[in-house]
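Close look at the chain arrangement
Chain residues, written in single-letter form:
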Amino acid sequence: MLRIDALKEIYAELEDCVVVTIMGAVAAELQSIGHRPNFFYLQHAMGLASSLGLGIALSRPGLQVVVFDGDGSLLMNLGGLTTLGRYRPRNLVHVVFDNESLLSVGGFPTATSTGSDLAGIAAAAGVPRTRAVKALDEFSAAFSEALAADELTTIVAKVEAVGPKAFVTDLGLLENRFQFQRYLESVSAERA
Amino acid sequence: MPVSVDSSQIIFDALKKDCGVRLISALPETWLVHLIRMAEEDADVTLVRLAKEEEGVGISFGAHLAGVKSAMLMQNHGFLASINGIVSGAQLYRIPLLMLISYRGEFGERDPWQTEGGAVTEPLLEALRIPYLFLDDPEHVAQRIAKAQTLASSTNKPTALLLCRDLMWEEG
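A brief structural summary. Note that this is a predicted model, so its numbers are computed, not measured. (Residues numbered from 1 in each chain as written. Chains lettered and ligands numbered in written order. Predicted model: local features only at pLDDT ≥ 70, side-chain atom pairs only at ≥ 80, totals over all residues. Heavy atoms only, no water.)

In this complex, chain A contributes 30 residues to the contact, which on the side of chain B involves 28 residues. Approximately 2,200 Å² of surface area, both sides summed, lies buried where chain A meets chain B, with 65% of it carried by carbon and sulfur atoms. At the boundary of chain A with chain B, the tally comes to zero salt bridges. At the junction of chain A and chain B, the tally comes to twelve residue pairs in polar contact (both at pLDDT 80 or more). When residues of the side of chain A that touches chain B are traced back to their parent elements, those giving at least two are strand 2 (39-41), helix 3 (49-59), helix 5 (78-87) and helix 8 (173-186) of chain A. Taken together, the residues of the side of chain A that touches chain B sort by class into 16 nonpolar, eleven polar and three charged. (Contact = heavy atoms within 4.5 Å. Buried area = accessible area lost by both parts, 1.4 Å probe. Salt bridge = Lys/Arg side-chain N within 4 Å of Asp/Glu carboxyl O. Polar contact = N/O pair within 3.5 Å; in protein donor to acceptor, adjacent residues only side chain to side chain. Helix = DSSP H or I, 4+ residues; strand = E, 2+ residues; numbered from the N terminus. Nonpolar A, V, L, I, M, F, W, Y, C, P; charged D, E, K, R; others polar.)

With that settled, the discussion passes to the packing of aromatic side chains. To describe a pair of aromatic rings, you give the distance between the ring centres and the angle between the ring planes. Inspection of every chain in the model, using the stated rule, returns ten aromatic pairs over all chains. Ring centres 5.7 Å apart and planes at 20 degrees place the aromatic pair Phe68 of chain A and Phe97 of chain A in the stacked group. Residue Phe68 of chain A is located in strand 3 (residues 65-70), and its partner Phe97 of chain A is located in strand 4 (residues 92-98); the two are separated by 29 residues in the primary sequence. Between the aromatic rings of Tyr132 of chain B and Phe134 of chain B, the centroid separation amounts to 6.0 Å while the plane-to-plane angle is 85 degrees, which identifies the pairing as edge-to-face. Take Tyr132 of chain B: its relative accessible area is 19%, and that puts it in the buried class. On the accessibility criterion, Phe134 of chain B (30% relative accessible area) is partly exposed. Aromatic rings pair up to connect Phe40 and Phe180 of chain A together with Phe61 and Tyr93 of chain B into one cluster. (Phe/Tyr/Trp six-rings, centres within 6.5 Å; stacked < 30°, edge-to-face > 60°. Buried < 20%, exposed > 50% of the residue type's maximum accessible area, 1.4 Å probe, protein only.)

A contiguous nonpolar patch, built from Leu102, Val105 and Phe108 of chain A and spanning about 280 Å² of accessible area, is present on the exposed surface. With respect to the element layout, Phe108 of chain A can be found in strand 6 (residues 108-109). (Patch = residues over 30% accessible without salt bridge, like charges linked within 9 Å, V, L, I, M, F, W, Y side chains within 5 Å. Areas by Shrake-Rupley, 256 points an atom, 1.4 Å probe, with all protein chains shown as cover.)

Another aspect to go through is the sheet that holds strand 3 of chain A. Residues and elements named next belong to chain A. Taken together, the six strands give an open sheet; going across it, the order is 2-1-3-4-8-7, and neighbouring strands pair in parallel fashion. A single partner strand is all that each edge strand has here, and the edge strands are strand 2 and strand 7 (129-133). Neighbour-to-neighbour, the strand axes of the sheet open up by a mean angle of 15 degrees, direction not taken into account. By the bridge criterion, three bridges tie strand 1 (residues 18-21) to strand 2 in an arrangement that is parallel. Bridging from a neighbouring strand, Val19 pairs with Phe39 of strand 2. Contacting strand 1 and strand 2, helix 8 runs over the sheet at an angle of about 145 degrees to strand 2. (Pairing = 2+ DSSP bridges. Axes fitted to C-alpha atoms, helices over the stretch in contact; angles between N-to-C directions.)

Looking now at unusual backbone geometry. Not every positive phi belongs to a glycine, and Asp150 of chain A is a case in point at roughly 60 degrees. Structurally, Asp150 of chain A is set in the loop between helix 7 (136-149) and strand 8 (153-158). Judged by its relative accessible area of 44%, Asp150 of chain A is partly exposed. Phi is positive for Arg129 of chain B, close to 55 degrees, though the residue is something other than glycine. Tracing the sequence through the fold places Arg129 of chain B in the loop between helix 6 (115-127) and strand 5 (132-135). On the accessibility criterion, Arg129 of chain B (70% relative accessible area) is exposed.

Right, let's talk about helix 1 (residues 5-18) of chain B for a bit. Residues and elements named next belong to chain B. End to end, helix 1 covers 19 Å across 14 residues, agreeing with the expected 20 Å (1.5 Å per residue, within 8%). Among the residues of helix 1, those classed as buried are Ser7, Ser8, Ile11, Phe12, Ala14, Leu15 and Lys16. The backbone nitrogen of Asp6 has a side-chain oxygen 3.5 Å away, supplied by the residue at the start of helix 1, namely Ser4. Of the residues trailing helix 1, Gly20 is marked for its positive phi of about 70 degrees. (Expected span 1.5 Å × (residues − 1).)

Here the focus is the pattern of salt bridges. One pass over the structure, following the stated rule, counts 14 salt bridges over all chains. Salt-bridge contacts for Lys158 of chain A lead to Glu100 of chain A; the nearest nitrogen and oxygen are separated by 2.6 Å. Of this pair, Lys158 of chain A sits in strand 8 while Glu100 of chain A sits in the loop between strand 4 and strand 5 (101-102), and the two are 58 residues apart along the sequence. The closest approach of N and O atoms between Lys16 of chain B and Asp42 of chain B, which form a salt bridge, is 2.9 Å. Of this pair, Lys16 of chain B sits in helix 1 while Asp42 of chain B sits in the loop between helix 2 (33-41) and strand 2 (46-49), placing them 26 residues apart in sequence. Comparing Lys16 of chain B with Asp42 of chain B shows no difference in burial state: the two are buried.

Function-wise, these values are silent; they only describe arrangement.
Now the structure itself:
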């Protein structure tokens, strides 16, 4: 499965979600499909995308939050999984694209390439729903089910270690940050 | 344990009543025990117990974008453990953080293991250009916390308050 195909497969479902991604290929590929004001790309602070998503989810329980994480990033903040498992926000879907490598810095293999099982770690940390998927249709189904489940879910999707040619996009970091904040302000009236 | 309940209450009231803080992230440390309990027992405040302090940067980042005022409670060694998140998260993205840092290892410290962190806390805050004030007297706690929050908000950057022994510890 290619990560960009996975993103395309669920892109329509992201329209009403609050989306937080990690840096690198995920951010560039989602932008290449089409940026929306409800998408925020954390272009550094590796590991903290899931914590940032938790902060939004706890602050605004009426919003559906989706975090696109990666194996390298999640391995930097495994403790954060125990915090997710502790508070279990029902409005958070945590997707981990696991390409078993640190692709954007040269493709060095991560520990998932030698057997570390992120879905297993998430489950053991207390995340109530976890799924491990390898095929596009499995991913698409798991994502839709997670949105409908009303329960914290971590989906670990194995993807190929290929990405875009470039990671820098036209969208400025601060432009994205303030646009995203304005988006969250704008939905405050309708949703909690 | 002679951690000051009175000073902890003054800090908590300042955060909640004067500053409107509704989310507090924390990692336990001796001087913070009463503050964490107060946050836990208050129905208006969401307490997020962390595995490591750097998570708190992400949580406060998200809370800020979502319109909720937050504060972080940590030991100075937790501040050391948070620096990448502070620099490449909060500073890069202009996020106000209100950091309350217990200042272990300063004059009067008896625990040898706290002393190296104490020695580098202020130089690191200065190197990171994070404005900071000491909280060492109950009389100025509320005012200084409010001022730190105001500056964090107007700069869209982190500010820090160093919780000092004279405020937090009653044995002298």
